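Fold and contact review
Here are the chains, one letter per residue:
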Amino acid sequence: MMLLFPMLMYYFWICIEFYDGKLVHPDSLLDIGPFVGRMAAHVADRAAPTLWAWAVYWTFSVFQAVLAVTMPGPIVKGLPVPALGYRQLEYLCNGVSSFYVTVVTSAILHFTGIFPLWLIIDNFGSLMTVSILSGILTTVVTYAVTIAKGEQHRMSGVFLYDLFMGAPLNPRLGRLDFKMFSEIRIPWVILFYISLSALAKEYAEKGYASPHVWFMVLAHLLYVNACMKGEECIPTTWDIFYEKWGFMLIFWNMSGVPFTYCYSTLYLLRSPTGRALEFPTWAMVVLFLVLIGAYYVWDTANSQKNRFRMASAGTYIPRNTFPQLPWGTLVNPKYIKTQHGSLLLTSGWWGYARKIHYTADLTMALAWGLDAGFGSIIPYFYIIFFSLVLIHRVTRDMERCSKKYGKDWDEYCRRVPYVFIPYVI
């Protein structure tokens, strides 16, 4: 996985950048060597890790880190951590103010000509390579430092597995929690700016941008803004509470998410078929409505669940971050109290389906692919990959909850019989 995924990233980028989104392959067994040579030549030509790319990627990352420890925001406690004697770590959740400062700063840089945003999409290959190398280097350094300090957790003794899963549980530098920071401040902000860069590029070249590119900007803006405005809900999630900080989380957040979830945007701007794509007006309207509708369900469902969880733990903080959507907070919610003391929510969206937030998330992912048409399968990478991940995650969660809660889980499934789509499945 640590070798395969970077190679896959290069392959998909090459297919879009040089072959109009077609999945190229060797013509014969004898062509395998020359094919690999052609692929390597494309990387050397358009994806070399230039000093400019290193400077841009790390200037952005350091800027985000500075904002993460200096901007105002509420301080939220995470779940009790067994490895730390059940101590609750504190998290400064200033994603909203940090994101707004980032947007204003980038606007100043763009309109003054200091850093035109289209430079991001023009240097996509080099920035992707730097992100890949940065993810690998950060993984190795983090692992080595953690072992040297004797702060490793739940090690298997198998080096590659431990490197992949990670050694540290909650690595921090002062107020900066690396795991929380890398999950929110790096991937989704870069993803948004890749699409915004494509928008700026089209305006620079044509004086206008296609509705398809506008769609991707809106889609990624909604997602990054949701992550920021709901950041106080993140400390109680499984990734922050349980997962260690290794290649899986480091690489995925520093490189995988921003440079693969953007394939629709990249295809629309860099491939001839994508640039020529035009949908009827009614089709674009339907696509926008599907995106906004799915976003509403996803946003409010996550809000209901996390605010219920935080209210139960006594950590809920009312906030007025934009947008606060109707039905985001449940009044007098219904739930099942298990013998373990856990609460299983059975009202709001969670009374209709157990994983309805995944349904909405997958619908948005599908809309991202549909916006790029049907000329290439690559823009559908996100929905395909995400579906596989969620199938595994849901299966694992159902088995774990069934074993943990027993009869209480059976009663929960009786009250909420549908998993993804109410009255269907």
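Residues numbered from 1 in each chain as written. Predicted model: local features only at pLDDT ≥ 70, side-chain atom pairs only at ≥ 80, totals over all residues. Heavy atoms only, no water.

Considering the overall build of the chain
Keep this limit in mind: Numbered from the N terminus, helices here are DSSP runs of H or I no shorter than four residues, and strands are runs of E no shorter than two. Only C-alpha atoms enter the radius of gyration; for comparison, a globular chain is expected to reach 2.2 Å times N to the power 0.38, where N is the number of residues. Throughout, exposure labels follow a simple rule: accessible area from a 1.4 Å probe, protein chains only, divided by the maximum for the residue type, with under 20% read as buried, over 50% as exposed, and the rest as partly exposed. Residue contacts are counted whenever heavy atoms from the two residues lie within 4.5 Å of one another. For accessible areas, the Shrake-Rupley method is used with a probe of radius 1.4 Å. Any residue's cover is judged against the shown protein chains and nothing else. In summary, the charge assignment counts Lys and Arg as positive and Asp and Glu as negative, without counting His or the chain termini. In this description, the location of a charge corresponds to atom NZ of lysine, CZ of arginine, CG of aspartate or CD of glutamate.
Check the secondary structure of the chain and you find 18 helices and six strands. Relative to the compact-globule value of 22 Å for 425 residues, the chain shows a C-alpha radius of gyration of 22 Å, a close match. The principal-axis extent of the C-alpha atoms belonging to the chain is close to 60 × 60 × 50 Å. Expressed as a percentage of its 425 residues, the buried residues of the chain come to 53%. Here the analysis covers contacts within the chain between residues at least 6 apart in sequence; of these, 76% occur between residues at least 24 apart. As presented, the chain carries roughly 19,800 Å² of accessible surface, and 68% of it is formed by carbon and sulfur atoms. Averaged over its 33 positive side-chain charges, the chain has a centre that lies 9 Å from the centre of its 26 negative ones.

Observations concerning the side chain of Gln64
The topology assignment puts Gln64 in helix 3 (residues 51-70). With residues up to four places along the chain from it excluded, the contact list for Gln64 reads Thr102, Phe181 and Arg185.

Quick word on the packing of helix 10 (residues 211-229) against helix 16 (residues 356-370)
Heads up, the rule is: All axes are obtained by fitting lines to C-alpha atoms, using only the stretch in contact for helices, and the reported angles, taken between N-to-C directions, cover 0 to 180 degrees. Roughly parallel here means an angle under 35 degrees, roughly antiparallel means over 145, roughly perpendicular means 65 to 115, and every remaining angle is called oblique. Two helices that cross are described as forming a left-handed crossing if the nearer one is turned anticlockwise from the farther one by less than a right angle, and a right-handed crossing if clockwise. The classification used treats Ala, Val, Leu, Ile, Met, Phe, Trp, Tyr, Cys and Pro as nonpolar, Asp, Glu, Lys and Arg as charged, and all other residues, Gly among them, as polar.
Between helix 10 and helix 16, the least distance of the axes is 10 Å, while the angle of their chain directions is 155 degrees. It follows from the interaxial angle that helix 10 and helix 16 lie roughly antiparallel. Here helix 10 and helix 16 pass one another in a crossing that is left-handed. For the pair helix 10 and helix 16, contact is made by Phe215, Met216, Ala219, His220 and Tyr223 and by Asp361, Met364, Ala367 and Trp368, respectively. Here the residues of the contact of helix 10 with helix 16 sort into seven nonpolar, one polar and one charged.

A few points about unusual backbone geometry
Cis peptide bonds are those with omega within 30 degrees of zero, and the linkage from Phe322 to Pro323 qualifies with -10 degrees. Mapped onto the elements, Pro323 comes out in the loop between helix 15 (281-313) and strand 5 (335-337). In the Ramachandran plot, Tyr86 falls in the positive-phi region, its phi being about 65 degrees despite a non-glycine side chain. By secondary structure assignment, the location of Tyr86 is in the loop between strand 1 (75-77) and strand 2 (90-92). What makes Tyr86 exposed here is its relative accessible area of 57%. Residues other than glycine seldom take positive phi values, yet Trp327 does so here, at roughly 70 degrees. With respect to the helices and strands, the residue Trp327 is situated in the loop between helix 15 and strand 5.

Focus on the environment of Ile184
Within the fold, Ile184 resides in helix 8 (residues 178-184). Accessibility expressed as a relative area gives 3% for Ile184, which makes it buried. For the pair Ile184 and Cys227, spaced 43 residues apart in sequence, the C-alpha to C-alpha distance is 6.7 Å. Every residue in contact with Ile184, bar those within four places of it in the chain, is listed here: Val189, Cys227, Met228, Glu231 and Ile234.

Considering helix 10
Stated precisely, the cut-off is as follows: What a helix should span is 1.5 Å times the count of its residues minus one.
With 19 residues, helix 10 ought to run about 27 Å at 1.5 Å a step, and its terminal C-alpha atoms sit 26 Å apart, in line with that. The element helix 10 is extensively covered by neighbouring structure, given that 15 of its 19 residues are classed as buried.

Observations regarding the packing of helix 15 against helix 16
The interhelical angle for the contact between helix 15 and helix 16, taken along N-to-C directions, is 150 degrees, at an axis separation of 8 Å. Taken together, the axes of helix 15 and helix 16 lie roughly antiparallel to each other. Seen from above, helix 15 lies across helix 16 with left-handed handedness. Residues Leu287, Val290, Leu291, Ala294, Tyr295, Val297, Trp298, Ala301, Asn302 and Lys305 of helix 15 form the contact with helix 16, whose own contacting residues are Ile356, His357, Ala360, Asp361, Thr363, Met364, Ala367, Trp368 and Leu370. Residue composition of the contact of helix 15 with helix 16, by class: 14 nonpolar, three polar and two charged.

Interpretation note: all reported values are geometric properties and have no functional meaning in isolation.
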